[in-house]
Amino acid sequence: MQEQRLEYASGNEMAAIAIKQIGYDLMGYYPITPSTQIAENLDIMRANGETDIVMVAAEGEHSAAGICYGAAVAGGRVVNATSANGLLYAIEQFPVQSGTRYPMVMNVVCRTVSGPLSIKGDHSDIMYLLNAGWPILFASTVQQVYDFNIIALKLAEQVRLPVVVAYDGFFTSHQKARCYRFADDNVVKRFIGPKTEPYPFLDLDNPITVGSYMNEPDLMNNRYQLHLAMEQADKALDELFEAYRELSGRDYKKVESTHCEDAERILVLLGSAYDTAIEAVEDMRKKGERVGAATLHVLRPFPEKELAATLSKADHILVGDRQDSYGAGGGNLSLEVRAAMQKAGNSACIKNLVYGLGGKDFSREDAKTLLEWADDPTKPEKAYYGVTSGKSLEEEEKQPLFAPVSGERTSIGATKVEEGEDGKLKVTGGRLNDVTAMPGRIAPGHGACPGCGIPVNLNLLLRGIEDPVVFLFQTGCGMIVTTAYPRTSFKVPYLHNLFQNGAATLSGVAEICYRKQQKGEIPAGDIIFVMVSGDGGLDIGMGSALGTALRGHRLLIFEYDNGGYMNTGYQLSYSTPLGARSSTSHVGKTQYGKTFFHKDMPKIMAATGIPYVATVAESHPTDFIKKAAKAAHYAKTTGTAYIKAISACPLNWNDKPATERRVIEAAVNCCYFPLYEVERGETTISYDPEEGGKKIPVLDWLSMMGRTKHLQKDEYKDVVERLQRETDERFRRLKRLAGQEKEKLE
């Protein structure tokens, strides 16, 4: 047994330690709660020089899976981590990886699949992978997360299949426990062994084709070989568990159980709930009750023989599922337990309870209740445990919480939009005093942090829109702090969809509205459809937004740019400034923060040819309101409009809420965030700090925020100079587009 060190760490931390010790070549990833901490911890290690793993921050989970697949094909050792809808977004890539037989490891930190949105832990995501052709190990403790990550890679390379290590989000992923890791990284490397490639992809003297087109019977043979590989994995796991026992002293089996050898009633659970079940079993056995509990450490290949042997003495079995296979008569685990027992010729009574959805707590007393349910003839065979009763539609009192915000209430005449002789819109009015009579369409009751720019920017936007509004919010802070069930902050129709598909969803809403108006099913009139995005939503959702713009749907896309994935703990986004510290771009002896320039989304949107694009800032409120009025006019008459606001996040920018307006103004005055509009293809700069003598160096703005304060040090001088040059060049290009440097060009 090799020397080990005691750690007090969480499952995500132990996964990162295992990944570091293995010495992976690459991690492709995208932040999603609760798996994000794995990448965050690895980035800290990378910044400190503890690992040289290449970390590629994709713009979405689908691309992250593609990055991993490409790296695996090229012969690299590759790891990923994801959860919930991120897993589903990438799911079409997973059968590609197993079908072409390229090994890698992916940690799935199990979480509720939306909608409605929930970030808490259950098993509704991992069950989607049962048919993907990946072996799946399921860790119920923090220690097992570490151990299974090491075993998983050796298994993957032995049978040439990608392998999942799954564990419970927030329970196992975030809760800390005493556990052990090997003191010497080389022990891990020797256990796994060198990587071999039977058909090296980068061998240019012997080129191969990967993922070729197949007809039957070739595809039939491919799937049969995948089946044989899974059978090989089944046999290999017993040997790997034994070899790892000799190395670590920890003995693992495909099925773990307690007191099942003489139990009349057995509770079968997956994940962290198993430890809770053990406590309940011990309590009940002290009272003379013959009960037991079991869990599976391997979901694929399913250990039917081992499970049937473990449960063979029981007369009553209760399978607890932290998910449901709707319409199938039980959760996936219960269905497979039933099949295994039937094949073994066992006639035990098997019941199924769906429990713990959305991370609902599971206590020792709950486990006892499930064990008592198992042999209670009055209890149904399948039920949901922990459901609370509500009112029927007939009983529900449909009383509005506030008076609806109608078109009559918003048509206050504070802004007047007219088309000029040059075809551009002219806006009169729009000063803050003019629009004070505009009723709020967002109630003051929300949970945003003090100083957060999201409500400020939304209210400024709405002051310039004198028509009824329908909102769609992509997932993000703006959505989370305003719609905590069962209340909402919105006095207008509101819809939520995920990061990657907001614009497409709203385009569907808009088209049906216009159709219903044409058919006379709803009143005619102008409605402004507004999609609100931020927190990186136009990274992962850029494809949907561009498609919507190219199709020309009549709606307004509003992006609050707070420069990071703030709602998941401030990971870098493509709009984060160069050099900024984030939880996935740490500062250390080998790293200085984010390594590439921020994305210019307004220019990208303008390239689609939509009629109106603008940038706005709360430091220039009248300009903001007038641009909102223009955007609304184009959105209801012509096509897609786009507005981007720089939006403060005191928590993650690490500055003071009271100073945010000055920070925003500094971003404008250093030209990092220039104010301009592109109307019908023509660019106009709204505010030029150079002309007014207010232009400041970029470093002056960076020095106002804790996330970039380190850039004041001489060792980062070259980073600041690169950002200054890029900022100046972007502003020069903007001025050329606006015709302000025409004479110089001539």
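Coordinates for the structure precede this section.
Now for a description of the structure that goes with this document. (Residues numbered from 1 in each chain as written. Predicted model: local features only at pLDDT ≥ 70, side-chain atom pairs only at ≥ 80, totals over all residues. Heavy atoms only, no water.)

All right, on to the overall build of the protein chain then. Helix and strand counts for the protein chain stand at 25 helices and 27 strands. When the backbone C-alpha atoms are referred to their principal axes, the protein chain occupies close to 90 × 70 × 55 Å. Within the span of the protein chain, comprising 746 residues, buried residues form 57% of the whole. Here the contacts in the protein chain between residues at least 6 apart in sequence split such that 76% fall between residues at least 24 apart. (Helix = DSSP H or I, 4+ residues; strand = E, 2+ residues; numbered from the N terminus. Buried < 20%, exposed > 50% of the residue type's maximum accessible area, 1.4 Å probe, protein only. Contact = heavy atoms within 4.5 Å.)

For strand β21 (residues 556-561), the buried fraction is high: six of the six residues fall into the buried class. Neither face of β21 is open: one carries Leu556, Phe558 and Tyr560, the other Ile557, Glu559 and Asp561, and all of them are buried. Sheet analysis places β21 next to strand β25 (residues 641-646), joined by six bridges and oriented parallel. Counterpart to phenylalanine 558 in the pairing with β25 is isoleucine 643. (Pairing = 2+ DSSP bridges.)

Counted under the stated rule, the structure contains zero disulfides. Of the cysteine sulfurs around cysteine 179, a residue in no disulfide, the closest is that of cysteine 110, at 19 Å. By relative accessible area, which is 0% here, cysteine 179 ends up buried. Cysteine 671 takes part in no disulfide bond, and the closest cysteine sulfur to it belongs to cysteine 670, at a distance of 6.8 Å. (Disulfide = S-S within 2.5 Å.)

Moving on to helix α12 (residues 364-374). For α12, the full list of buried residues reads Asp366, Ala367, Lys368, Leu370, Leu371, Trp373 and Ala374. If you follow the buried residues of α12, they end up packed against β10 (265-268), α9 (273-286), β11 (291-296), β13 (316-321), β14 (349-354) and β15 (382-384).

To continue, consider the sheet that holds β11. Here six strands make up an open sheet; going across it, the order is β9-β11-β10-β13-β14-β15 and the pairing mixed. With partners counted over all chains shown, the strands left at the sheet margins are β9 (255-258) and β15, one partner each. Strand after strand, the sheet turns through a mean of 20 degrees between neighbouring axes, direction not considered. (Axes fitted to C-alpha atoms, helices over the stretch in contact; angles between N-to-C directions.)

Attention shifts here to the pattern of salt bridges. Under the counting rule described, the total for this entry stands at 44 salt bridges. Aspartate 600 is the partner of lysine 603 in a salt bridge, and the nearest nitrogen-oxygen pair spans 3.7 Å. One salt bridge in this structure joins glutamate 729 and arginine 732, with 3.1 Å as the shortest N-O distance. A residue pair is termed a helical-turn pair when its members lie 3 or 4 positions apart in one helix, as glutamate 729 and arginine 732 do in helix α24 (residues 717-737) at three residues. In the salt-bridge network here, residues are joined through shared partners; they are Glu279, Asp283, Arg364, Glu365 and Lys368. (Salt bridge = Lys/Arg side-chain N within 4 Å of Asp/Glu carboxyl O.)

Take the environment of glutamate 618 next. Within the secondary structure, glutamate 618 is located in the loop between β24 (612-616) and α20 (621-637). Through-space distance from the C-alpha of glutamate 618 to that of glutamate 665 is 8.1 Å; in sequence the pair is 47 residues apart. Ignoring sequence-local partners within four residues, the contact set of glutamate 618 consists of Gly453, Val456, Asn457, Leu460, Phe624, Arg661 and Ile664.

Moving on, we get to the sheet that holds strand β2 (residues 26-29). Reading across the sheet, the seven strands line up as β3-β2-β4-β5-β7-β6-β12 and stay open at both edges, with mixed pairing between neighbours. If you trace the sheet from one side to the other, it starts and ends with β3 (54-57) and β12 (298-300), each paired once. Averaged over all adjacent pairs, the angle separating strand axes in this sheet is 20 degrees, with direction ignored. Pairing geometry for strand β4 (residues 78-82) and strand β5 (residues 105-110), over four bridges, is parallel.

Ranked by size, the top nonpolar core spans 67 residues in total, and within it Leu461, Phe471, Val530, Leu556, Phe558, Trp653 and Trp701 carry the most contacts. It is α20 that contributes the most residues to this core, seven residues altogether. The contacts of leucine 556, once residues within four sequence positions are left out, are Leu461, Ile465, Phe529, Val530, Met531, Ala631, Ala635, Ala641, Tyr642 and Ile643. In this structure, Ala57, Ala152, Leu161 and Leu237 belong to the second largest nonpolar core, which totals 57 residues. (Core = buried A, V, L, I, M, F, W, Y, C linked by side-chain atoms within 4.5 Å.)

This paragraph deals with a nonpolar patch on the surface. Judged by side-chain polarity, Tyr199, Phe201, Leu202 and Ile208 come together as a nonpolar surface patch covering roughly 410 Å² of accessible area. Looking at where isoleucine 208 falls in the secondary structure, it is placed in the loop between α7 (185-192) and α8 (218-248). Look at isoleucine 208 and you get partly exposed, because its relative accessible area is 30%. (Patch = residues over 30% accessible without salt bridge, like charges linked within 9 Å, V, L, I, M, F, W, Y side chains within 5 Å. Areas by Shrake-Rupley, 256 points an atom, 1.4 Å probe, with all protein chains shown as cover.)

With that settled, consider the packing of helix α6 (residues 142-159) against α7. With their axes 9 Å apart at the nearest point, α6 and α7 run at an angle of 35 degrees to one another. Here Tyr146, Ile150, Leu153, Lys154 and Glu157 of α6 lie close against α7, whose contacting residues are Val188, Phe191 and Ile192. In terms of residue class, the contact of α6 with α7 is built from six nonpolar, no polar and two charged. (Nonpolar A, V, L, I, M, F, W, Y, C, P; charged D, E, K, R; others polar.)

As a further point, take the pairing of strand β20 (residues 528-534). β20 sits mainly inside the fold: seven of its seven residues count as buried. The pairing of strand β18 (residues 469-474) with β20 spans five bridges and is parallel. The residue bridging leucine 472 from the neighbouring strand is methionine 531, located in β20. By the bridge criterion, five bridges tie β20 to β21 in an arrangement that is parallel. Along β21, the bridge assignment pairs valine 532 with phenylalanine 558.

All right, on to the side chain of lysine 20 then. Position of lysine 20 relative to the elements: it lies in helix α1 (residues 11-22). Once you skip the residues sitting within four places of it in the chain, lysine 20 turns out to touch Leu42, Met45, Glu50, Thr51, Asp185 and Lys189.

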